[in-house]
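One letter stands for each residue in the lines below.
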Amino acid sequence: MNSIIIDAPATDEKRRELLYRGQLLVYSPTRSSLALVEFARKMAEEAFHPHDPETAQYHVPVERYAAILAEMKPKFIHAPESKKCIQGMLREIGADAEKTYFDVPRMRTSTSDDYLTSGIAYAFHPHRDTWYSAPMCQINWWMPIYPIVAENAMAFHPRYWSKAVRNGSAGYNYDEWNRTSRHNAAQFVKQDTRVQPKPEEPMELDPQIRVIAPPGGILLFSAAQMHSSVPNNSGRTRFSIDFRTVNIDDVAARRGAPNVDSACTGTTMGDYLRGSDLAHISQEYFSSYQAQPPIRKAEEFEAAASVHAS
Ligand SMILES: [Fe+2]
């Protein structure tokens, strides 16, 4: 990985290729991304009323705060307005709605000064989403709801794009997680005891990259990127939205980022909805993605890709 490309005038195919090679893409806010941000703000402002959502953590006891999030976040995820906005974003960015599948958007919060960093507001340790059963062709979309600064953003750790880290992904199965751990996040206020895939060796998190886009600005990155929540000491809670997409041609052809160290089982393939009509991905693909592809060195992947291109 070596580039952050702003408003790339690329086709969707070219864009996916850049992402699978580890580049980061940033797009200026679109009409629909701004509508989604506006919808999220309204919801947060109502939920935390009479407090400002970004500073409510300084006025509300933490158990109450977790309860507010536990009520608000699922409402946001399942709102038909959220899906409509994503469909609009796909259109505006030039992704084919017949071939692009998305999962429901999540609203995330990163509170300041270690106020609440577990359960419903989990502060993510360095990880790849592919450790959590995402396919190698998954693309993550991320945008701030309120202005962010480097002290409450998220960070990428580029040295690990092609470098493996010993990790616990072999013990992670997405179906198992859904059955046992997903739905009780709000109960973990002080400490999070859910077993998650984590690095199992010391990591060098610097150099790191923090992309600061305006509210509604869209950051696209491969699910294979190593990333983490930065320790928030900005004095404001960060609110952000993320969702993921896969392109069905890439699913079929098994194109995607190199798998350098993910060994999880299960697949998130059942979560994605077609951009045009919200249909699910076929059972056939779901079944064939129950295991990650074999772990390969990123250099081997690059060599195979260039043979293919020539
Ligand atoms: Fe992630």
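Whatever comes next refers back to the structure up there.
Let me sum up the structure you'll find in this document.

The rules behind these values
- Residues numbered from 1 in each chain as written.
- Predicted model: local features only at pLDDT ≥ 70, side-chain atom pairs only at ≥ 80, totals over all residues.
- Heavy atoms only, no water.
- Helix = DSSP H or I, 4+ residues; strand = E, 2+ residues; numbered from the N terminus.
- Rg over C-alpha atoms; globule rule 2.2 N^0.38 Å.
- Buried < 20%, exposed > 50% of the residue type's maximum accessible area, 1.4 Å probe, protein only.
- Contact = heavy atoms within 4.5 Å.
- Lys, Arg positive; Asp, Glu negative; His and termini not counted.
- Charge placed at Lys NZ, Arg CZ, Asp CG, Glu CD.
- Salt bridge = Lys/Arg side-chain N within 4 Å of Asp/Glu carboxyl O.
- Donors = N, O, S within 2.8 Å, 3.2 Å for Na, K, Ca; no water.

With that settled, consider the overall build of the chain. A tally of helices and strands in the chain yields 8 helices and 10 strands. Rg of the C-alpha trace for the chain: 19 Å, near the compact-globule value of 19 Å for 310 residues, within the 12% margin. When its C-alpha atoms are laid out on the principal axes, the chain stretches across 60 × 40 × 35 Å. Across the 310 residues in the chain, those meeting the buried criterion constitute 54%. Taking contacts inside the chain between residues at least 6 apart in sequence as the whole, the part at least 24 apart equals 86%. Positive and negative charge centroids in the chain, built from 34 and 37 side chains respectively, lie 1 Å apart.

Attention shifts here to the pattern of salt bridges. Tallying each qualifying case throughout the model produces 18 salt bridges. Ionic pairing is found between R159 and E204, a salt bridge with its closest N-O pair at 3.4 Å. With R159 in the loop between β6 (154-156) and α5 (174-180) and E204 in the loop between α5 and β7 (218-222), this pair connects stretches of sequence that are 45 residues apart. Looking at R159, the relative accessible area reads 33%, which means it is partly exposed. Among the residues examined, E204 registers a relative accessible area of 48% and is labelled partly exposed.

Below, the discussion takes up helix α1 (residues 12-20). Taken together, the buried positions of α1 are D12, R15, R16, L18, L19 and Y20. Two residues or fewer after α1 comes G22, characterised by a positive phi angle close to 95°.

Donor atoms from the polypeptide that bind the iron ion are H127 (NE2), D129 (OD) and H227 (NE2), placed at 2.2 Å. Read in sequence order, the donor residues for the iron ion give the motif H-x1-D-x97-H.

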